Amino acid sequence: MSSSVLSPAARLRALKPDWLRDPKVWRTEVLGGLVVALALIPEAISFSIIAGVDPAIGLFASFTMAVTIAVVGGRPAMISAATGAVALVIAPLNREHGFGHLVAAVILAGVFQILLGALGVAKLMRFVPRSVMVGFVNSLAILIFMAQVPEMRDSPWPVYPLMAAGLALMVFFPKVTTVIPAPLVSIVILTVITVAAGIAVPTVGDTGKLPSSLPVPGLPDVPFTLDTLTTVAPYALAMALVGLMESLMTAKLVDDITDTHSSKTRESIGQGVANIVTGFFGGMGGCAMIGQTMINVRVSGARTRLSTFLAGAFLMVLCIAFGPIVSDIPMAALVAVMVMVSFATFDWHSIAPRTLKRMPAGEITVMVVTVACVVATHNLAIGVVVGSITAMVVFAKRVAHLAEVTAVTDPDSGAVVYRVTGELFFASSNDLVGRFDYATDADKVVIDLSAAHVWDASSVAALDAIETKYAQRGKTVEIIGLNEPSARIHESLSGELTGSH
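Rules and cut-offs
- Residues numbered from 1 in each chain as written.
- Predicted model: local features only at pLDDT ≥ 70, side-chain atom pairs only at ≥ 80, totals over all residues.
- Heavy atoms only, no water.
- 1 Å grid on protein atoms, 1.4 Å probe; cavity = no way out; pocket = protein on both sides within 12 Å on 5 of 7 lines; lining within 4 Å.
- Points joined across faces, edges and corners; volume = space filled by probe spheres on them.
- Helix = DSSP H or I, 4+ residues; strand = E, 2+ residues; numbered from the N terminus.
- Nonpolar A, V, L, I, M, F, W, Y, C, P; charged D, E, K, R; others polar.
- Phe/Tyr/Trp six-rings, centres within 6.5 Å; stacked < 30°, edge-to-face > 60°.
- Buried < 20%, exposed > 50% of the residue type's maximum accessible area, 1.4 Å probe, protein only.
- Contact = heavy atoms within 4.5 Å.
- Salt bridge = Lys/Arg side-chain N within 4 Å of Asp/Glu carboxyl O.

Chemist: Could you clarify how one ought to interpret the layout of surface pockets in this entry?
Modeler: A water-sized probe, rolled over the atoms, reveals where empty space remains. Taken as a whole, the largest pocket spans an internal volume of roughly 830 Å³. For the largest pocket, the lining is made up of 33 residues, of which Glu43, Phe47, Gly84, Leu143 and Ala147 are closest to its centre. Broken down by secondary-structure element, the contributors of at least two residues to the lining of the largest pocket are helix H3 (23–51), helix H5 (84–97), helix H7 (130–152), helix H12 (290–299) and helix H15 (331–345). For the lining of the largest pocket, the element with the highest residue contribution is H7, accounting for eight residues. Partitioning the lining of the largest pocket into residue classes produces 21 nonpolar, nine polar and three charged. Counted as a void, the second largest pocket has a volume near 340 Å³. Listed by contribution, the elements that provide at least two residues to the lining of the second largest pocket are helix H10 (226–258) and helix H18 (380–400). Considering every element that reaches the lining of the second largest pocket, the biggest residue donor is H18, with five residues. Residues of the lining of the second largest pocket, tallied by class, amount to 13 nonpolar, one polar and no charged.

If you want it as structure tokens, here you go:
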């Protein structure tokens with residue numbers, strides 16, 4: 001039935017979001033948001049410590065980022081909050097110039113992200129190859145696991161059976177029912193056991209004090225001068241780039257998991273708006289949070305903006321209204337959740353012997369380089385950039401070998417015809433000059449480029465050099481078969497690339 005013949009009540013129902021139309025979706029989104037909120041608390045506190053600010057600052061940032069991005073972001077169900085990558089970028093600014101400058105940098109970073117989003121920076125994602133994406137996912141899983149290792153080291157012995165119990169619950173509970181997310185069941189059961197039995201293990205309360213009131217908006221406490229701008233601008237730009245890189249990569253990952261498309265431009269601008277709001281509320285800023293996003297999307301099965309919004313809202317409710325209860329949650333329960341997330345996130349198929357045997361060596365190299373850079377620097381953005389550059393080098397090297405030159409003599413005219421096949425660009429054209437026999441060729445030489453494509457100035461310069469070498473020996477060269485784009489670049493640049501013309 002078309003929408004034009006639907007009754008007003010039916011049209012109204014059709015306009016409602018999925019979580020209002022379907023109680024199952026609503027339940028999934030609410031419980032997913034609750035699990036993410038619980039997992040956000042210790043993460044936000046630890047990132048606050050990295051940035052050198054009070055734990056409440058990281059929790060406020062996670063609240064404002066999640067709630068704002070739920071409305072203005074481009075990728076439903078993706079979680080944005082305070083992150084380690086952003087904390088590492090702005091920590092030196094806070095240490096050297098104070099908290100006021102940090103807040104100013106967060107706001108300016110948001111402005112930069114809006115500008116970059118409007119300029120179409122999201123379109124650069126098309127240049128990230130699949131091997132880099134696989135490396136990004138695998139290194140993310142490794143980083144999530146590595147972040148849990150300190151909680152497992154030198155801990156009281158009950159921590160280990162609690163973690164094992166938590167993992168067992170998350171593996172086997174979904175076989176009983178999927179109505180309630182297994183991570184939530186694991187957290188609740190382990191908390192009840194430790195509190196009821198009086199087991200002394202590290203808890204959420206040991207990581208830092210939870211806030212007791214909502215954040216209040218205000219301007220950063222800095223002099224509004226050019227000197228302040230020049231001080232915070234480099235940090236703000238770095239934060240904007242790192243935040244966008246992680247957010248866009250995470251959005252692409254969620255697109256693949258959910259088999260849906262999202263607006264990367266809207267997400268870029270939304271990240272900027274969320275950081276500006278966060279800055280005015282005194283937060284430390286943030287970006288897409290990959291581990292929590294995986295909890296929400298892959299583990300809990302959430303798919304809408306409601307889960308993102310509720311993750312932020314529940315976070316503040318848990319801290320302010322249920323602070324004493326949340327403080328009793330054993331860290332072992334949350335560590336078990338994150339370990340499960342790391343194993344679910346890792347692309348095990350990518351390292352299977354059968355896959356590696358079939359995969360080109362260059363693709364494997366790119367994946368390994370991406371993982372190695374991320375694990376070494378603990379910065380996903382650096383790994384993606386280095387991996388993408390490596391992929392380009394591998395591609396250029398591979399394509400360079402595809403340019404072939406074959407020579408035949410025309411029996412009618414006696415001219416030598418060189419047929420060039422392949423892509424001519426800086427990597428392949430460097431060897432082109434040496435493929436011709438200048439001394440013994442006939443007086444007329446034809447270069448047939450009908451099976452080739454000229455991409456850049458290096459190729460035009462190589463063709464000019466070939467013509468020059470033949471001319472020095474009194475021989476003429478005719479270039480034929482150029483397709484339209486190749487002819488255009490050859491015509492505009494030929495004879496203009498050296499000072500002698």
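Chemist: What am I meant to see in the packing of aromatic side chains here?
Modeler: How two aromatic rings sit relative to each other is given by the distance of their centres and the angle of their planes. Under the definition given, this model contains seven aromatic pairs. Seen from their ring centres, Phe145 and Phe343 are 6.3 Å apart, and the 85° between their planes marks the pair as edge-to-face. Here Phe145 is found in helix H7, whereas its partner Phe343 is found in helix H15, with 198 residues between them in sequence. Its relative accessible area of 32% is what places Phe145 among the partly exposed residues. Arranged with centres 4.8 Å apart and planes meeting at 55°, the rings of Tyr438 and Tyr470 form a pair that is tilted. Taken as a pair, Tyr438 in the loop between helix H19 (426–429) and strand E5 (444–454) and Tyr470 in helix H20 (residues 457–471) lie far apart in primary sequence, 32 residues in all.

Chemist: Please clarify how the environment of Glu467 should be interpreted in this entry.
Modeler: Within the secondary structure layout, Glu467 lies in helix H20. Between the alpha carbons of Glu467 and Ile144 there is a distance of 58 Å; along the sequence they are 323 residues apart. Setting aside residues up to four positions removed in sequence, Glu467 forms contacts with Val477, Ile479 and His490.

Chemist: So what exactly am I meant to see when it comes to empty space enclosed by the protein here?
Modeler: Here the structure, examined in full by the defined rule, presents two cavities of 30 Å³ or more. Roughly 50 Å³ of internal volume is contained in the largest cavity. Along the walls of the largest cavity sit Glu151, Val159, Val201, Pro202, Pro330, Met331, Ala332 and Val335, which together make up its complete lining. The biggest single contributor to the lining of the largest cavity is H15, with three residues. In this structure, the second largest cavity spans a volume of roughly 40 Å³. The wall of the second largest cavity is formed by Ile69, Ala70, Arg75, Pro76, Ala77, Met78, Ser80, Glu267, Arg305 and Thr308. Mapped by element, the contributors of at least two residues to the lining of the second largest cavity are helix H4 (55–72) and helix H13 (305–320). Its residues assigned to classes, the lining of the second largest cavity comprises five nonpolar, two polar and three charged.

Chemist: Help me understand the pattern of salt bridges, please; the structure alone is not making it clear to me.
Modeler: As a working rule, side chains carrying opposite charge can pair if their charged atoms are close by. Taken as a whole, this structure holds six salt bridges when the rule is applied. Glu478 serves as the salt-bridge partner of Lys444, at 3.6 Å between the closest nitrogen and oxygen. Residue Lys444 is found in strand E5, and its partner Glu478 is found in strand E6 (residues 476–480); the two are separated by 34 residues along the sequence. When the shortest N-O distance is used, the salt bridge between Arg488 and Glu484 registers 3.4 Å. Linking Arg488 with Glu484, this pair stays in helix H21 (residues 484–493), spanning four residues, or about one helical turn. Salt bridges linked by common partners bring Arg75, Asp255 and Lys264 together as one network.

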